Amino acid sequence: MEQNDNQTTHEQQLLTLLQKISLAVAEAETMRTAFSTVLEQICRFMAWPLGHVYIWSEAEKALVSSRIWYMSDASTITPFREMSEATQFKPGEGTLGHVWSSGEAIMILDVHMTNMFVRQMPVEEGGIRAYFAFPVLIEGKVTAVLEFFSPHSEAPDRDMTSIINHVSSLLGLAMQRHQTVSRLQQSEAQLTEAQQTAHVGHWQWDTVNNEVIW
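Residues numbered from 1 in each chain as written. Predicted model: local features only at pLDDT ≥ 70, side-chain atom pairs only at ≥ 80, totals over all residues. Heavy atoms only, no water.

Student: Quick rundown of helix α3 (residues 78–85)? Include the residues and the values.
Tutor: Taken together, the buried positions of α3 are occupied by Phe 80, Ser 84 and Glu 85. One face of α3 carries all of its buried residues, which in axial projection span an arc of 130°. (Buried < 20%, exposed > 50% of the residue type's maximum accessible area, 1.4 Å probe, protein only. Helix = DSSP H or I, 4+ residues; strand = E, 2+ residues; numbered from the N terminus. Arc of directions from axis to C-beta.)

Student: A description of the pattern of salt bridges should follow, citing residues and the corresponding values.
Tutor: All chains considered together, the criterion is met by seven salt bridges. Linking Glu 58 and Lys 61 is a salt bridge whose minimum nitrogen-to-oxygen distance equals 2.6 Å. Residue classification places Glu 58 among the partly exposed residues on the basis of a relative accessible area of 40%. With relative accessibility at 45%, the residue Lys 61 sits in the partly exposed group. Residue Asp 110 pairs with Arg 129 through a salt bridge whose shortest N-O separation is 2.8 Å. Taken together, the positions of Asp 110 in the loop between β3 (106–108) and β4 (130–138) and Arg 129 in the loop between β3 and β4 put the pair 19 residues apart, joining distant regions of the chain. One connected set of salt bridges, linked through shared partners, spans Glu 58, Lys 61 and Lys 141. (Salt bridge = Lys/Arg side-chain N within 4 Å of Asp/Glu carboxyl O.)

Student: Run through unusual backbone geometry, naming residues and quoting values.
Tutor: Even without a glycine there, the phi angle at Ala 47 is positive, about 60°. For Ala 47, the location among the structural elements is in the loop between α2 (31–46) and β1 (50–57). At Glu 139, a residue that is not glycine, the phi angle is positive and equals roughly 55°. Within the fold, Glu 139 resides in the loop between β4 and β5 (141–150).

Below is the structure:
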């Protein structure tokens, strides 16, 4: 009976986590805010002290640091943070390149035991051991990767997989929405500039209320 109660409590905790993330992403005015909130919520839930976001750059044709982090203790991670923000990942290169190419999450129990994790650092600096990363996709293409670090060689909660899939979809939709708004704002700005240059304008006639807007 106690085991069933524990399972129910755990499922409720996962549901609460997903609800918090869904609400935060929906209300976020910028993707920086959305990513920051997701990093914090997942890190706190898993009790992992460090999270970071990489973004796909069309200009660089690589994943580059967004400089968006969650850190429970910033003082111990400064060298690794600087290293990460200076490192880019081409498709197929390192952990991030693998996630980009496969479109799937990756889990490493000890980063010091694999050649895939290229941002190596002394064990005493930061104590990073376990690594977990998952992609954010838009129309099947990876546009961002969220990565998480732990000083302990332990895997994330096994039930996190379903949560991560939902979070990835939520962030993908949010990125699409923000990109659409940004393109519309850019188009409106270009139209305004063109009209000012040509000394022309446009107007709108509301036939119901008989109002004209210039």
